[in-house]
Amino acid sequence: MTTTAEPVARVPFRVAVLALGTFAVGTDAFVVAGVLPEISTDLGIGIAQAGQLVTVFAIAYAVLSPILATLTGTWPRRQVLLTALAVFVLGNVATALAPTYAAVLATRVIAAAGAAMVTPISGAAAAALAPESQRARAISLVTLGLTTSTALGVPLGTLLGSVTTWRGTMWFVAALGAAAGLGIAVLLPTIPAPPPAGLRERLAPLRNAKIVLVLLTTVALFVGIYIVNTYISVIVEPATGGSGALLAVLLFLSGTAGTIGNLVSGGWTDKFGARRVIAVAMVVALANFLLLPFFASTLIGAGIAVVVFGLTAWSVTVPQQHRLIEAAPAATSFVISLNASSTYLAVSLSGALGAAVLELSPTSLPFAAAVFIALGLAASELAQQIGARS
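Here the structure is a predicted model, which is why all the values come from computation and not from measurement.

Rules behind the numbers
Residues numbered from 1 in each chain as written. Predicted model: local features only at pLDDT ≥ 70, side-chain atom pairs only at ≥ 80, totals over all residues. Heavy atoms only, no water. Helix = DSSP H or I, 4+ residues; strand = E, 2+ residues; numbered from the N terminus. Rg over C-alpha atoms; globule rule 2.2 N^0.38 Å. Buried < 20%, exposed > 50% of the residue type's maximum accessible area, 1.4 Å probe, protein only. Contact = heavy atoms within 4.5 Å. Lys, Arg positive; Asp, Glu negative; His and termini not counted. Charge placed at Lys NZ, Arg CZ, Asp CG, Glu CD. Core = buried A, V, L, I, M, F, W, Y, C linked by side-chain atoms within 4.5 Å. Phe/Tyr/Trp six-rings, centres within 6.5 Å; stacked < 30°, edge-to-face > 60°. Salt bridge = Lys/Arg side-chain N within 4 Å of Asp/Glu carboxyl O. Patch = residues over 30% accessible without salt bridge, like charges linked within 9 Å, V, L, I, M, F, W, Y side chains within 5 Å. Areas by Shrake-Rupley, 256 points an atom, 1.4 Å probe, with all protein chains shown as cover. Axes fitted to C-alpha atoms, helices over the stretch in contact; angles between N-to-C directions. Parallel < 35°, antiparallel > 145°, perpendicular 65-115°, else oblique. Left-handed = near helix turned anticlockwise from the far one by under 90°. Polar contact = N/O pair within 3.5 Å; in protein donor to acceptor, adjacent residues only side chain to side chain. pLDDT = per-residue confidence, 0-100.

1. Quick look at the overall build of the chain
Phase 1 of the analysis: In terms of helices and strands, the chain carries 17 helices and zero strands.
Phase 2 of the analysis: A globule of 390 residues ought to have a C-alpha radius of gyration of about 21 Å, and the chain, at 20 Å, matches this closely.
Phase 3 of the analysis: Each principal axis of the C-alpha atoms in the chain carries an extent, and together these give about 55 × 50 × 40 Å.
Phase 4 of the analysis: Counting the 390 residues in the chain, one finds 55% classified as buried.
Phase 5 of the analysis: Counting contacts in the chain only where the partners sit at least 6 residues apart, residues at least 24 apart contribute 85% of the total.
Phase 6 of the analysis: Each charge sign in the chain was given a centre, from 17 positive and 11 negative side chains, and these centres are 12 Å apart.

2. Brief notes about the nonpolar core
Phase 1 of the analysis: With 97 residues, the main nonpolar core has Leu18, Ile39, Tyr61, Ile225 and Met282 as its most contacted residues.
Phase 2 of the analysis: The element contributing the most residues to this core is helix H5 (residues 101–129), with 14 residues.
Phase 3 of the analysis: Contacts of Ile225, omitting those with residues within four sequence positions, involve Phe309, Ala313, Trp314, Val316 and Ile373.

3. Observations concerning the packing of aromatic side chains
Phase 1 of the analysis: Throughout the structure, instances matching the rule amount to seven aromatic pairs.
Phase 2 of the analysis: A centroid spacing of 6.1 Å and a plane angle of 35° characterise the contact between Phe222 and Tyr226, whose relative ring orientation is tilted. Here the residue Phe222 and the residue Tyr226 both occupy positions in helix H9 (residues 209–230), the gap between them amounting to four residues, near one helical turn.
Phase 3 of the analysis: A relative accessible area of 3% places Phe222 in the buried class.
Phase 4 of the analysis: Here Phe309 and Trp314 contribute two aromatic rings whose centre-to-centre distance is 6.5 Å and whose plane-to-plane angle is 70°, an arrangement assigned as edge-to-face. For the pair formed by Phe309 and Trp314, the shared burial category is buried.
Phase 5 of the analysis: Taken together, the ring pairs connect Phe222, Tyr226, Phe289, Phe309 and Trp314 into an aromatic cluster.

4. Some thoughts on the pattern of salt bridges
Phase 1 of the analysis: Following the criterion strictly, the structure yields three salt bridges and no others.
Phase 2 of the analysis: Residues Arg167 and Asp42 are paired through a salt bridge, measuring 3.0 Å at the closest nitrogen-oxygen approach. Taken together, the residues Arg167 in helix H7 (residues 166–187) and Asp42 in helix H2 (residues 36–43) connect sequence positions 125 residues apart.
Phase 3 of the analysis: Overall, the relative accessible area of 42% leaves Asp42 in the partly exposed class.

5. Structural notes on a nonpolar patch on the surface
Phase 1 of the analysis: A cluster of nonpolar side chains, contributed by Ile260, Leu263, Val264, Trp268, Phe272 and Leu311, occupies part of the molecular surface with about 510 Å² of accessible area.
Phase 2 of the analysis: The element contributing the most residues to the nonpolar patch is helix H12 (residues 244–272), with five residues.
Phase 3 of the analysis: Relative to the helices and strands, Leu263 resides in helix H12.
Phase 4 of the analysis: For Leu263, a relative accessible area of 39% puts it in the partly exposed group.

6. Let's talk about the packing of helix H13 (residues 274–295) against helix H14 (residues 299–313)
Two quantities define a packed helix pair, namely the angle between the axes and the distance from one axis to the other.
Phase 1 of the analysis: Running from N to C, H13 and H14 cross one another at 155°; their axes reach a closest spacing of 9 Å. The angle between H13 and H14 places the two elements in the roughly antiparallel class. Crossing of H13 against H14: the hand is left-handed. For the pair H13 and H14, the contacting residues are Ala281, Met282, Val284, Ala285, Asn288, Phe289, Leu292 and Phe295 in the first and Gly301, Ala302, Ala305, Val308, Phe309, Thr312 and Ala313 in the second.

7. Focus: the side chain of Thr107
Phase 1 of the analysis: For Thr107, the location among the structural elements is in helix H5.
Phase 2 of the analysis: At a separation of 2.7 Å, a polar atom in the side chain of Thr107 contacts the side chain of Thr95.
Phase 3 of the analysis: Apart from residues lying up to four places away in sequence, Thr107 is in contact with Gly91, Ala94 and Thr95.

8. Some thoughts on the confidence of the model for the chain
Caution is warranted with low-pLDDT regions, since their predicted coordinates should not be read in detail.
Phase 1 of the analysis: Looking at the chain as a whole, the pLDDT averages 84, with 91% of positions reaching at least 70.
Phase 2 of the analysis: Here residues 1–9 scores under 50 on pLDDT; set against residues more than four positions off or in separate chains, the count is 25 contacts.

Rendered as structure tokens:
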């Protein structure tokens with residue numbers, strides 16, 4: 001992307017409006033899980049059927065993100081973001097008004113189409129606005145929106161759903177998207193599109209072995225992360241005794257730690273390099289997962305474990321995006337969209353794989369997650385070796 005970086009002092013201010021957009025997207029992606037009982041009752045379906053709304057959103061996002069990044073590749077970045085947020089808001093309004101389960105499923109695809117453009121374009125725009133020495137910090141501010149959505153947006157949306165209805169939660173998400181669109185329209189400067197390129201050129205990063213391995217790293221790591229994240233209530237049940245209040249405290253601790261991990265990972269990536277940040281964070285995560293069944297037997301132990309989980313799990317998004325931008329500087333929006341697709345593919349896989357492991361034993365979940373973390377580490381190191389030889 002060819003653009004002049006913003007003055008250093010103005011970068012956080014400009015990027016903040018991008019973070020609001022990713023906050024809305026992150027809330028939308030995961031808040032449905034918090035209102036499944038309300039959706040089930042209102043639509044007259046089972047909890048498992050209601051849960052498919054999360055899966056449909058994740059799969060639609062994974063499929064549409066690289067396609068839409070290619071189709072909008074020549075548009076100015078601000079125009080793409082405004083269009084994406086308009087589609088996102090429309091999809092959530094339609095969800096709030098949908099009368100049947102089938103209609104709700106369809107509207108989840110519309111919302112996912114908008115979300116699929118917001119996250120990657122926001123990351124690419126942040127990288128373009130910042131000086132090269134602060135690029136990872138700028139990306140971390142954008143991904144901060146995603147991590148804080150789990151700590152703040154999802155609990156707020158869930159609480160709103162319990163006070164009003166699940167449809168009120170969808171109106172809340174739509175309002176977040178509208179606020180982000182207004183902020184971008186007013187505050188974001190013009191960021192030109194990359195030079196025109198054909199489909200063959202845009203797909204060229206997929207012929208780069210390092211990029212493919214970095215994307216495989218994302219899939220493997222986030223399958224492991226989301227196996228734990230999705231089934232955390234089951235894993236820590238020995239400590240919480242099934243108490244929703246205690247679980248909420250643990251989730252808040254994890255989300256807060258994740259926000260901190262995301263923030264510091266940007267500075268660490270700029271200072272120490274992406275590969276080192278990923279390696280250290282995931283080695284610690286691997287050890288934490290192996291010990292998690294033992295920590296989860298007490299509330300204090302579970303609290304320590306979820307804090308370590310939050311710190312490490314959300315420390316890898318920024319360095320992963322940074323590696324892709326370095327590997328394909330002329331196709332930043334496309335490769336970041338592929339990384340976002342890889343993350344949501346991992347969300348879909350983790351749900352199915354976690355359910356299968358859960359049939360064996362809840363205590364097996366962290367061990368299964370640890371296997372995928374190890375695979376991700378191996379792919380990350382292999383990508384580094386290929387990059388060093390190229």
